[in-house]
Amino acid sequence: MRILTGLQPSGKLHVGNYFGAMEPAVRLQEVGEAFYFIADYHAMTSMRDPAGLRANVRELAIDFLACGLDPARAVFFRQSAVPEVNELAWILSTVCPVSLLEKCHSYKDKVAKGIAATHGLFAYPVLMAADILLYDSNQVPVGRDQKQHLEVTRDIAVKLNEAFGEGTVVLPEPIIREDTAVVVGLDGQKMSKSYHNTLPIFGEEKPLKKLLMKIVTDSTPVEAPKPTAGSTILALYKLFASPAAYAVMVAEHERGGVGYGEFKKRLAEAYWDFFAPMRARRAAVTADPGYVDEVLELGAARAREEAAKVLARVRRAVGLT
Ligand code: ADP
Ligand code: TRP
């Protein structure tokens, strides 16, 4: 069983990224042969800042290791360290209908947000399909927003197999964890960098805990019962607290007598404690910069070996060799 996923190096890792992408990836490395990468080619569709890109790649590599990626179990690499992916992307693009890409919400949303409508942005899902198919991936853990890209990947894979023979590429399955498919942000909407409502995982204690005090609440007085449905505090607390502590907070909402300020304080504590082991690992990894380079180099070598095998099979099937 091969499991693969990628994350774009596009800024500070937040709680939504952690539960939607990082935590499932770390858990799944125990289950199968994991291939995890930093999607730096993809990041170029929305970033034109060489120093920023370099820094983000490094930070994300450290984040992955801090969150529990084990380089002894998972093949961990930078997407651009395996340039073979571009050749497969080209081959896939020759069977991918333009109409399939025109339907992609992610493309339309990004253009609406002001990101340049380049060919790279349009062809983003084809490169993503190549990422997945290049390693004969069986399972791809992603957040719900990536589901359509996985459907495009499967459509392209089917078309390639129809044109050049069954088994040219392996059909992957998306793995979407429904309970954390959408983590809410500080304003109650989906947590996302583009909504400026994120809670970062790493940073200084005071400003981070202060951020939680900004959660939007209603004006129910301290002594009155408080709504539990749609509560941002409870939705976030559920992620960090034990089931027992969560049940206590729900009961206190229903009973009344405890104010939102106190609930937020408890949430801030639970959040801070939850990420304590990751923070400690992050400090250790940061203190040893050579380690990160070494891990990525080793991962790239292993990934390239695998990519070469699949690409040789595809080249043969399509008549390039
Ligand atoms: P953002 O929306 O902040 O730009 P990305 O689009 O870079 O985040 O997402 C990176 C990964 O994290 C994807 O797999 C995505 O599905 C997941 N993810 C992002 N935000 C959330 C969220 N609020 N809830 C669950 N998963 C999320
Ligand atoms: N598009 C994904 C995101 O924005 C990142 C990504 C690139 C990816 N290639 C991938 C995810 C292959 C899974 C598999 O989050």
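Residues numbered from 1 in each chain as written. Chains lettered and ligands numbered in written order. Predicted model: local features only at pLDDT ≥ 70, side-chain atom pairs only at ≥ 80, totals over all residues. Heavy atoms only, no water.

Asker: Looking at this structure, how should I read the environment of asparagine 56?
Answerer: Mapped onto the elements of the fold, asparagine 56 is located in helix H3 (residues 50–66). When the C-alpha atoms of asparagine 56 and isoleucine 201 are compared, they prove to be 15 Å apart, with 145 residues separating the residues in sequence. With near-sequence residues (within four places) excluded, asparagine 56 lies in contact with Pro9, Ser10, Gly11 and Met47. In terms of polar contacts, asparagine 56 uses its side chain to reach the backbone carbonyl oxygen of proline 9, at 3.1 Å. (Helix = DSSP H or I, 4+ residues; strand = E, 2+ residues; numbered from the N terminus. Contact = heavy atoms within 4.5 Å. Polar contact = N/O pair within 3.5 Å; in protein donor to acceptor, adjacent residues only side chain to side chain.)

Asker: Explain the site of ligand 2 here, please?
Answerer: Near ligand 2 you find 14 residues, and of these Gln8, His42, Tyr124, Asp131 and Gln146 are the closest. Tyrosine 124 has a polar side-chain atom sitting 2.7 Å from a nitrogen atom of ligand 2. Side-chain polar atom of glutamine 146 to a nitrogen atom of ligand 2: 3.0 Å apart, as the coordinates give it. Bound to the protein, ligand 2 loses 91% of the 360 Å² it would expose on its own. Only strand E1 (2–7) and helix H8 (124–133) provide two or more residues apiece to the shell around ligand 2. With four residues, H8 is the single largest residue contributor to the shell around ligand 2. Looking at the shell around ligand 2 residue by residue, the classes come out as eight nonpolar, five polar and one charged. (Near = heavy atom within 4 Å. Areas by Shrake-Rupley, 256 points an atom, 1.4 Å probe, with all protein chains shown as cover. Nonpolar A, V, L, I, M, F, W, Y, C, P; charged D, E, K, R; others polar.)

Asker: Explanation requested: the site of ligand 1 in the structure shown.
Answerer: Around ligand 1, the structure places 16 residues, and the nearest of them are His14, Gly143, Asp145, Ser192 and Lys193. Histidine 14 is positioned such that a nitrogen or oxygen atom in its side chain is 2.7 Å from an oxygen atom of ligand 1. The separation between an oxygen atom of ligand 1 and a polar side-chain atom of asparagine 17 is 3.1 Å. Within the complex, 88% of the 540 Å² of free accessible area of ligand 1 lies under protein.

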